[in-house]
Amino acid sequence: MIMAGRDLDALVAEKFFRWDSCDGTACPPAFSTKIAAAWEVVEKLDLFNGAMLGKNAHGQWAIWDNADEESPVFAETAPLAICLAALHTNERNDDGLNR
């Protein structure tokens, strides 16, 4: 399981935003722990064009795309779910599975 924190933030910056990784002086925002930073990811994902973000019956945050049966992503917090969805989307796009 991927945990929220600076390593995940750097991974999202590198893989999703295509930024250079953290060099110690200019680290990426706290995408995986702060909702304001995570919202930058949402905007780039265009998440709300056919996707949903909310809590499921088990109290986990979930993101799913009604057009993609493989898309459900679950996490303890909304920022973490958003980051995991971004990495999932990035992985699918790198594999040539763009929608």
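Look up a bit, the structure's there.
Here's a quick rundown of the structure. Not measured: the values here are computed from a predicted model. (Residues numbered from 1 in each chain as written. Predicted model: local features only at pLDDT ≥ 70, side-chain atom pairs only at ≥ 80, totals over all residues. Heavy atoms only, no water.)

Looking at the overall build of the protein chain
Alright, step 1. Within the protein chain, the regular secondary structure consists of three helices and three strands.
Alright, step 2. Along the chain direction, N to C, the helices and strands of the protein chain fall in the order α-α-β-β-β-α.
Alright, step 3. Within the protein chain, the proportion of its 99 residues that are buried is 40%.
Alright, step 4. In the protein chain, 39% of the contacts between residues at least 6 apart in sequence involve partners at least 24 apart.
Alright, step 5. Carbon and sulfur atoms make up 51% of the accessible area of the protein chain, which amounts to about 6,100 Å² in all. (Helix = DSSP H or I, 4+ residues; strand = E, 2+ residues; numbered from the N terminus. Buried < 20%, exposed > 50% of the residue type's maximum accessible area, 1.4 Å probe, protein only. Contact = heavy atoms within 4.5 Å. Areas by Shrake-Rupley, 256 points an atom, 1.4 Å probe, with all protein chains shown as cover.)

Focus: helix α2 (residues 35–45)
Alright, step 1. Regarding α2, the residues found buried are A37, A38, V41, V42 and L45. Buried residues of α2, viewed axially, fall in a sector of 160 degrees; they line one side. Among the exposed residues of α2, those pointing more than 90 degrees away from its buried face are A36 and E43.
Alright, step 2. Where α2 ends, the next residue or the one after it, D46, has phi of about 55 degrees, a positive value. (Arc of directions from axis to C-beta.)

Concerning unusual backbone geometry
Alright, step 1. Positive phi values are uncommon outside glycine, yet R18 reaches one of about 65 degrees.
Alright, step 2. Within the secondary structure, R18 is located in the loop between α1 (6–16) and α2.
Alright, step 3. R18 sits in the exposed class, given a relative accessible area of 51%.

With respect to the pattern of salt bridges
Alright, step 1. Taken as a whole and judged by the stated rule, the model has one salt bridge.
Alright, step 2. Note that R6 and D9 form a salt bridge whose closest N and O atoms lie 3.0 Å from each other. Remark: D9 and R6 occur in helix α1; sequence separation between them is three residues, near one turn of the helix.
Alright, step 3. Given a relative accessible area of 43%, R6 falls into the partly exposed group.
Alright, step 4. According to the relative accessible area criterion, D9 is buried, its value standing at 1%. (Salt bridge = Lys/Arg side-chain N within 4 Å of Asp/Glu carboxyl O.)

Observations concerning the packing of aromatic side chains
Alright, step 1. In this structure the tally under the stated criterion is four aromatic pairs.
Alright, step 2. Both rings, one in F17 and one in W19, keep their centres 4.7 Å apart while their planes meet at 25 degrees; by these two values the pair is stacked.
Alright, step 3. Its relative accessible area of 15% is what places F17 among the buried residues.
Alright, step 4. Here W19 falls in the partly exposed class, since its relative accessible area comes to 36%.
Alright, step 5. Pairing F17 with F31 gives two aromatic rings, centres 5.2 Å apart and planes at 20 degrees, and the pair type is stacked. Taken as a pair, F17 in the loop between α1 and α2 and F31 in the loop between α1 and α2 lie far apart in primary sequence, 14 residues in all.
Alright, step 6. Take F31: its relative accessible area is 0%, and that puts it in the buried class.
Alright, step 7. Among the aromatic residues, those joined into a ring-pair cluster are F16, F17, W19 and F31. (Phe/Tyr/Trp six-rings, centres within 6.5 Å; stacked < 30°, edge-to-face > 60°.)

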